[in-house]
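# Secondary and tertiary structure notes
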Amino acid sequence: MTQKLVLCDCLGSQTLDADAIERACGLSCTKPYTSLCMDQLDAAAKELAAGDVIIACQQERQVFEELAEELEVAAPGFVDLRDRAGWGEGDPTPKMSAFAAEAALSAPLGKSVDVVSEGTCLIIGGTAALKAAQDLCETLAVTVLVEDPSDIPADRRFDCVVGTIRSAGGALGGFTVKFDNLQQVIPGGRGAFVLSAPQNDAVSECDIILDLGGASALFPAPEKREGYLRADPSHAPSVAEAIFKAAQLVGTFEKPLYVRLEPSICAHSRAEKPACSNCLNVCPTGAITSAGEHVAVDPMICAGCGSCSAVCPSGAITYDAPPVETIFRRLSTLAATYRTAGGENARLLVHDSDFGAEMIRLGARFGRGLPANVIPLETDALSGFGHAEMMAALASGFEHIDILLSLRAEQDVIEAQAELAIAMSGTAAIRLLHPADPDALNDLLYETPPATATCEPVLPMGTRRQVTRLAAKALQPEAEIIALSDGAPYGAVLVDTEACTLCLSCVSLCPSGALGDNPDMPQLRFQEDACLQCGLCSNICPEKAIALAPQMNLTDAAFTQTVLHEEEPFACIECGSLFGVKSTVEKITEKLAGSHSMFATSDAAKMIQMCENCRVQAQFHSEDNPFQGGERPRVRTSEDYFSKRRDH
């Protein structure tokens, strides 16, 4: 059954062309209602009862969800046409059609795990912490880490300890805190409480940490650590908010699993030699750690910023909430439907679901709203909108991309990804925005963009690397080699043939298979399309003969193996079989023959120039054959022992 789009012009404040939207997006559209959330709520109930509908209103989403619950029908879908299109300037119909088509896309259900918090809470600080403990002790199991032992109150509704935090780890429902000089209260006796003897390396576990100490945070990116609440103890409103949030953190919660890890294709390390550490360098929470030849992701600490997915060269880490192919499908749907509805000069505005969405809503309600050709794309992981996604947007038909930065966004990651996309697209059609207020945002968007990109639209399908290459070819059809900056995940390997000995250690450790050998002759082969520029080959090369050349090769040669270095093989002096590298065998012979104890004689020296089979044969038949021994002693049997006993 075709989904139905339920339209409402919000008291006549926007213009809706239901027929045009229906033709462009393929959904069945109702006639525009005027007050669907109030006076026409009965009509909304009938639409919901019919099933499989999308309500064109986000502001009153709760009203319609509660109505669906009362009717015992499935909750509808929602799409915001008013704030993002209807309250802007220009013809809104193409953009509304694009939003409607996007809303009709099916999104995979996200993966999650249950996190249980029983309400065990550690509060850090002085007077503010003790006051917070009094407010929370009836709801949570509270322990206060006080700074001054004389501050310990007689109130036994909560515990107090004295000590120093050495380290802390974990997240909501699973914090682990290590203390030094930990002293606990001995509650018995008369007078002031007595403390136990100091204890080092004491470990405690808790579900929630409320930090009111006013010192440095216990964790990197503390605002992203679930279950860790931090406030300035001198600012009463912040303390009150933190206390309120702590009281709510009891029960079972769903923790989204934001990223997916494929260890087998991770280029982090091989043979204890370091290579790619991009994800480790950009993870703000410390959720990613080294685990030998690959990295490991702690899903309890991961905050889902998406930076790791944006910078991973191999695709070992990919954003999974939703998967990256969902973003590609949304981009293609928005651009294609906008064109189908007659829209021109489409521009993309990428923003997060908090700061950016609120800026757009305020700018629409109290300002000019968005231009008709600016199509906002909301994403939960702004930092995860990397160079591949930017290239996909430009190649799908958007002529310009604006990225609205929030205070919590990893700006360094986004800037680096934008620079990479600009280099590969051949145009500065990507801009980062950080306006001070909604009016400033609207003013920036109504200005003519500094640069635009044009190409025949393509359908972005495949992995991030495949989509990037496809988009680069569409945007720069005449280009062959695009030079990139250091650190780019695409490029070539350069070999100093004078220094290379064809030991092939680089081949055995290359994580992507970009470097290969030839079993029939001494050759070092290379396939550029597979190269991740992880640097492992240059790190492992004993002769330091390998260098990296970051670039994007758009020719078909990137898909074929090319020979970087080859030499003449050596022919065995006994059987003539080809083995090894002639120059290497000659160097070894020259260096060892007559000068090393194992190769002091001419017969022994000849073994250097023999293949494996002939070397074993020669060794076996030599006078000092290490494999040759005396006659094996006869195996003793039971009869031997019995006869010996009879003789005695």
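Keep in mind that what you see is a predicted model, and the values were worked out from it rather than measured.

Glancing now at the overall build of the protein. Summing up its helical and strand segments, the protein has 21 helices and 32 strands in all. Relative to the compact-globule value of 26 Å for 648 residues, the protein shows a C-alpha radius of gyration of 34 Å, a clear excess of over 25%. In terms of overall dimensions, the protein has C-alpha extents of about 110 × 85 × 50 Å along its principal axes. Sequence-distant contacts in the protein: of pairs separated by 6 or more residues, those separated by 24 or more amount to 66%. As displayed, the protein has an accessible area near 32200 Å², and 50% of this comes from carbon and sulfur atoms. Both charge centroids of the protein, one from 49 positive and one from 87 negative side chains, sit 6 Å from each other.

Our next topic: the side chain of T379. Looking at the secondary structure, you find T379 in strand β22 (residues 374-379). In terms of polar contacts, T379 uses its side chain to reach the backbone amide nitrogen of A381, at 3.2 Å. Excluding residues within four positions of it along the chain, T379 makes contact with V350, H351, D352 and S353.

Okay, helix α5 (residues 93-103) next. Burial analysis of α5 places ten of its eleven residues in the buried class, the great majority of the element. Within α5, burial applies to T93, P94, K95, M96, S97, A98, F99, A100, A101 and E102. Buried residues belonging to α5 abut β1 (4-6), α1 (18-25), α4 (82-86), α10 (324-340) and β22.

On to a negative patch on the surface, then. Taken together, D17, D19, E22 and D91 make up a surface patch of like negative charges. Position of D17 relative to the elements: it lies in the loop between β1 and α1. Taking the relative accessible area as the measure of exposure, D17 reaches 34% and is therefore partly exposed.

Our focus in this paragraph is the sheet that holds strand β23 (residues 400-404). Strand order in the open sheet formed by four strands is β22-β21-β23-β24, with parallel pairing between adjacent strands. Each edge of the open sheet carries a strand with a single partner, namely β22 and β24 (430-433). The sheet shows a mean angle of 20 degrees between the axes of neighbouring strands, direction not considered. Across the sheet, helix α11 (residues 355-366) touches β21 (347-352), β22 and β23, and the angle it forms with β21 is around 120 degrees.

Once that is clear, we can look at the sheet that holds strand β25 (residues 481-483). The three strands are arranged β25-β29-β26 in an open sheet whose pairing can be described as antiparallel. Here the strands that pair on one side only, and so sit at the sheet edges, are β25 and β26 (491-495). On average, each strand axis in the sheet is inclined to that of its neighbour by 50 degrees, with strand direction left out of account. When β25 meets strand β29 (residues 546-553), the two strands line up antiparallel, connected through three bridges. The residue of β29 that forms the bridge with A483 is Q551.

Attention shifts here to the packing of aromatic side chains. For the structure shown, the criterion picks out three aromatic pairs. Each ring, one from F219 and one from Y228, has its centre 5.0 Å from the other, and the planes form 80 degrees; the classification is edge-to-face. Judged by its relative accessible area of 4%, Y228 falls in the buried class. Ring centres 6.4 Å apart and planes at 25 degrees place the aromatic pair Y258 and Y319 in the stacked group.

Glancing now at the pattern of salt bridges. On inspection of all chains with the given rule, the structure shows 21 salt bridges. A salt bridge links E226 to K255; the nearest nitrogen and oxygen atoms lie 3.5 Å apart. Taken together, the residues span a long stretch of sequence, with E226 in the loop between β12 (208-212) and β13 (228-230) and K255 in strand β14 (residues 251-256) at a distance of 29 residues. Judged by relative accessible area, which is 2%, K255 ranks as buried. Across the salt bridge formed by K245 and E241, the nearest N and O atoms sit 3.3 Å from each other. A residue pair is termed a helical-turn pair when its members lie 3 or 4 positions apart in one helix, as K245 and E241 do in helix α7 (residues 236-247) at four residues. When its relative accessible area of 41% is taken as the criterion, K245 is described as partly exposed. Via salt bridges that share partners, E89, R368 and D443 belong to a single interconnected network.

It is at 9 Å that the axes of α10 and helix α12 (residues 387-396) come closest, and there the two elements cross at 20 degrees. Between α10 and α12, the interaxial angle falls into the category roughly parallel. The interaxial crossing formed by α10 with α12 has right-handed handedness. Across the interface between the two elements, V324, I327, F328, L331, S332, A335 and R339 of α10 pack against A388, E389, A392, A393 and S396 of α12. Here the residues of the contact of α10 with α12 are counted per class, giving eight nonpolar, two polar and two charged.

Running from N to C, α5 and α10 cross one another at 145 degrees; their axes reach a closest spacing of 8 Å. As α5 runs across α10, the sense of the crossing is right-handed. On α10, the residues touching P94, K95, S97, A98, F99, A101 and E102 of α5 are R330, T333, L334, T337 and Y338.

Note the cis peptide between A321 and P322, where omega equals 5 degrees. Within the secondary structure, P322 is located in the loop between β20 (317-319) and α10. Residue Q533 is not a glycine yet carries a positive backbone phi of 60 degrees. With respect to the element layout, Q533 can be found in the loop between β28 (523-526) and α17 (536-540). Given a relative accessible area of 12%, Q533 falls into the buried group.

Helix length check: α11 (twelve residues) gives 16 Å between terminal C-alpha atoms against 16 Å at 1.5 Å per residue, within 8%. Burial in α11 covers these residues: G356, A357, M359, I360, G363 and A364. Buried residues in α11, looked at end-on, bunch into an arc of 160 degrees, giving them a common side. On the buried face of α11, the contacting elements are α4, β21, β22, β23 and α14 (438-446).

What counts, and at which threshold
- Residues numbered from 1 in each chain as written.
- Predicted model: local features only at pLDDT ≥ 70, side-chain atom pairs only at ≥ 80, totals over all residues.
- Heavy atoms only, no water.
- Helix = DSSP H or I, 4+ residues; strand = E, 2+ residues; numbered from the N terminus.
- Rg over C-alpha atoms; globule rule 2.2 N^0.38 Å.
- Contact = heavy atoms within 4.5 Å.
- Areas by Shrake-Rupley, 256 points an atom, 1.4 Å probe, with all protein chains shown as cover.
- Lys, Arg positive; Asp, Glu negative; His and termini not counted.
- Charge placed at Lys NZ, Arg CZ, Asp CG, Glu CD.
- Polar contact = N/O pair within 3.5 Å; in protein donor to acceptor, adjacent residues only side chain to side chain.
- Buried < 20%, exposed > 50% of the residue type's maximum accessible area, 1.4 Å probe, protein only.
- Patch = residues over 30% accessible without salt bridge, like charges linked within 9 Å, V, L, I, M, F, W, Y side chains within 5 Å.
- Salt bridge = Lys/Arg side-chain N within 4 Å of Asp/Glu carboxyl O.
- Pairing = 2+ DSSP bridges.
- Axes fitted to C-alpha atoms, helices over the stretch in contact; angles between N-to-C directions.
- Phe/Tyr/Trp six-rings, centres within 6.5 Å; stacked < 30°, edge-to-face > 60°.
- Parallel < 35°, antiparallel > 145°, perpendicular 65-115°, else oblique.
- Left-handed = near helix turned anticlockwise from the far one by under 90°.
- Nonpolar A, V, L, I, M, F, W, Y, C, P; charged D, E, K, R; others polar.
- Expected span 1.5 Å × (residues − 1).
- Arc of directions from axis to C-beta.

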